[in-house]
Amino acid sequence: MDEDIENGSLVSFQEKPRTFPDMRTKPYTPLIFQIFTRINARVLAVLLLLILGAVLYVGATTSPIVVFVFSICIAGFIFSAYLTRWVLAKDEGPPEMSQVSDAIRDGAEGFFRTQYGTISKMAVLLALVILSIYLLRSTTPQQESSGLGRSTTAFITVAAFLLGALCSGIAGYVGMWVSVRANIRVASAARRSARESLQIAVRAGGLSAMVVVGMAVLGVAVLYATFYVWLGVDSPGSMKVVDLPLLLVGYGFGASFVALFAQLGGGIFTKAADVGADLVGKVEQGIPEDDPRNPAVIADLVGDNVGDCAARGADLFESIAAEIISAMILGGTMAQHCKIEDPSGFILFPLVVHSFDLVVSSVGILSIRGTRELGSKVPVEDPMAILQKGYSITIVLAVIAFGVSTRWLLYTEQAPSAWLNFALCGLVGIITAYAFVWISKYYTDYKHEPVRTLALSSATGHGTNIIAGVSLGLESTALPVLVISLAIISAYWLGQTSGLMDENGNPTGGLFGTAVATMGMLSTAAYVLTMDMFGPIADNAGGIVEMGQQPESVREITDVLDAVGNTTKATTKGFAIGSAALASFLLFSAYMDEVAAFSHLPFKQVDIAIPEVFVGGLLGSMLIFVFSAWACAAVGKTAQEVVNEVRRQFIERPGIMEYNEKPDYGRCVSIVAFASLKEMIKPGALAIVSPVVIGVLFKMLGQVTGQPLLGAKVVASLLMFATVAGILMALFLNTAGGAWDNAKKFIETGALGGKGSDCHKAAVTGDTVGDPFKDTAGPSLHVLIKMLATITLVMAPLFL
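These figures come from a predicted structure and were not determined experimentally.

### Considerations on the pattern of salt bridges
The final tally for this structure, using the stated rule, is 22 salt bridges. Of the charged contacts in the structure, one is a salt bridge between Asp-741 and Lys-744, with a shortest N-O distance of 3.6 Å. Here Lys-744 and Asp-741 lie together in helix 23 (residues 710–748), a separation of three residues that amounts to about one turn. For the residue pair Asp-741 and Lys-744, the accessibility class agrees, reading buried in each case. In the salt-bridge network here, residues are joined through shared partners; they are Lys-271, Asp-274, Asp-741, Lys-744, Asp-767, Asp-771, Lys-774 and Asp-775.

This is how it looks when you write it as structure tokens:
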């Protein structure tokens, strides 16, 4: 283009190809992958076989159930390799599209490298803090009887924490790696048919989902089996198997720690760029979304990968890991109280359920085929209907697999019908998941009344759009809360009536029934994550098509997929907050059990009538609001810098609007990358430091006033209130943001004046308000809720 400017050979806007500057840099590959690629193929094959043999040997020494879990996970990775080969075999389209894709890939990989470098340093520092705490803490009676000293416990917890952090980081990298390579292939396929592009996006999302879920299950299973063999569990004078899951808590904390900062940093990056690009490009300059003349467009497209794909991969990894560990703890505790001879089935049940998740989700992914040629904006089959059909298949298979798993692992002679009650608990969880997906779809899909009413409010201005969006978000909290409440009570009642009794004849299956319901809700997590990953991949494909100057018919196909992707992202967030609510309830119970074990005092309930305990609840609720405020403020502050930069470029380079000058895309990428890394620290530190400081302060107050458990009780109250406030806040933020986004998409289909109208500008304002809601603060709260639960478990000795 520079030569064209010098020679005066520029053509008109319609004739001039939309070019993109070559931003290719040296491709980034993580060190661990660099090492593997440098090893001779035969040597690498031998090493992998040896590792596989060692893993299977450790599993066989532990339990045949663990071998089954290992086998399914390995099969899942093989299926992921097949999907990788299938996706990468698709063509990348013309060179002008490849240039855009290459720039997005470089930006995403560069930010990922810097962001995770920062997170890894913080993780190492926190690991040292945990090591110091555990070296100074007291031991439980169970640890003393098994000869497990302080130093051994300390190093086990730190190793689990670091492994959880590493696996969470790898899960995030896989999500980003897939999305930056699939986006161009989806865009290219859209030139031929809508169905083919849909299939590629789904299989690319499925690839990432299978790796994330497989790693979460395999990581916990390997850690469990390794500790089982190394510590000689269940041999005379050693640890009992029912106490082993407590050693895995560090793994969940490590996963939560990385997921929180990944979600914060990625969310700030993607939404600051998005808000800046929309406010100046769409509202002020009147140019289309993803127009190459917008200097912030590449930063926006990069953000889809680091904020939606990488962060969501880490988020779901953390959700599954936390749920598995909490359910293993409760299963072991219940088996101990009921004096069950072989408790391994109750402890390993969560691993088997999620192994079956890999199988049933694989079938669901493969059920979406690309046989029909769809090349119009209104295809024969709605993409959302196709995805829902795959989800329905996955749900049916999950119900069957869950029934088989409960009969296999939860059958006991003490209560022959207990397995059936627990199977019904799983069914409650599966129904809850489906209900959450349906509720989120109802409130965020523009085919339904709420979003259309919101779009109509844009006709009377920006203010009425904001008011309608806020009211919609507030109203949308009602149905999910009712569903969660019904699920918890139903599952608890089914567990209590299962027939399992403790040594005093009291029913003890209630909490484990709730745990089984949580497993049921997450039993289709791989397919749900597939639908989530589909969204940002389709969004990126639309940007590549727009910047690659493809025909309008191609952009229409990607617009339809993008609108469906917005809905699937919203449904996944609803699914995530529902599972977070159930998992946090389980972790809260595990925290109370751990406090009782360390203090040698009963700790069965939290009395909020005690002033200090009530204050702890207030502080927990406040924490949610301040965290959300800081997350949104970080987006707003960074977006202001983007807006100023984009305005500056339009003023100083007037030729940009006529395609006579190149925008400086790299400048906007640098601004949001630097700012997001800086801004993610404050809300993240607040979430980690607050419960520890509050617990220690009230412990000191309890020592003065003669209340030995005051610190632990205040932290329990903080955890309880923060969970409740966090669930409601996340539901409001996620749904309001998703509804605003799809109200804008609905108007862009031609309704209410279409693109460029005053109604559309008001909808864009609502969308920019909702961006930090649904993609920064809301998803971060999912992680925060579970991280508060895991950090209190790990730091419990500090409060006593």
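Moving on from the model shown.
### So, the packing of aromatic side chains
Here a ring pair, both rings aromatic, is described through the centre-centre distance and the interplanar angle of the planes. Throughout the structure, instances matching the rule amount to 22 aromatic pairs. Where Phe-346 meets Phe-512, the ring centres are 5.7 Å apart and the plane angle is 55 degrees; that geometry is what we call tilted. Residue Phe-346 is found in helix 11 (residues 344–366), and its partner Phe-512 is found in helix 17 (residues 510–521); the two are separated by 166 residues along the sequence. Residue classification places Phe-512 among the buried residues on the basis of a relative accessible area of 2%. The interplanar angle of 80 degrees and the centroid separation of 5.1 Å between the aromatic rings of Tyr-442 and Tyr-443 together place this pair among those described as edge-to-face. Looking at Tyr-443, the relative accessible area reads 6%, which means it is buried. Stacked on the ring of Trp-419, the Lys or Arg Arg-407 has its end atom at 5.7 Å from the ring centre.

### Observations concerning the side chain of Asp-767
As for its placement among the helices and strands, Asp-767 is situated in helix 24 (residues 758–795). The residues touching Asp-767, leaving out its near neighbours within four places in the chain, are Asp-278, Trp-740, Asp-741 and Lys-744.

Scoring rules and cut-offs
- In this numbering scheme, every chain counts its residues from 1 along its sequence in written order.
- Local features in this predicted model are restricted to residues whose pLDDT is 70 or higher, and side-chain atom pairs enter the listing and the counts only when it is 80 or higher, whereas totals over whole chains, interfaces and linings include all residues.
- Only heavy atoms go into the side-chain values, all of them from the structure, while hydrogens and water stay out.
- Every case where a carboxyl oxygen of Asp or Glu lies within 4 Å of a side-chain nitrogen of Lys or Arg is listed as a salt bridge.
- By the criteria applied, helices consist of DSSP H or I runs no shorter than four residues and strands consist of E runs no shorter than two, each listed in order from the N terminus.
- Exposure categories follow from relative accessible area, calculated using a 1.4 Å probe and restricted to protein chains: below 20% of the type maximum is buried, above 50% is exposed, and the middle band is partly exposed.
- Any two rings among Phe, Tyr and Trp, with Trp reduced to its six-membered ring, count as a pair given centres within 6.5 Å; such a pair is stacked if its planes are under 30 degrees apart, edge-to-face if over 60, and tilted if neither.
- For a ring to carry a charge above it, either NZ of a lysine or CZ of an arginine must fall within 6 Å of the ring centroid while also lying within 35 degrees of the normal to the ring plane.
- Only heavy atoms matter for contacts: two residues are in contact if any of them lie within 4.5 Å across the pair.

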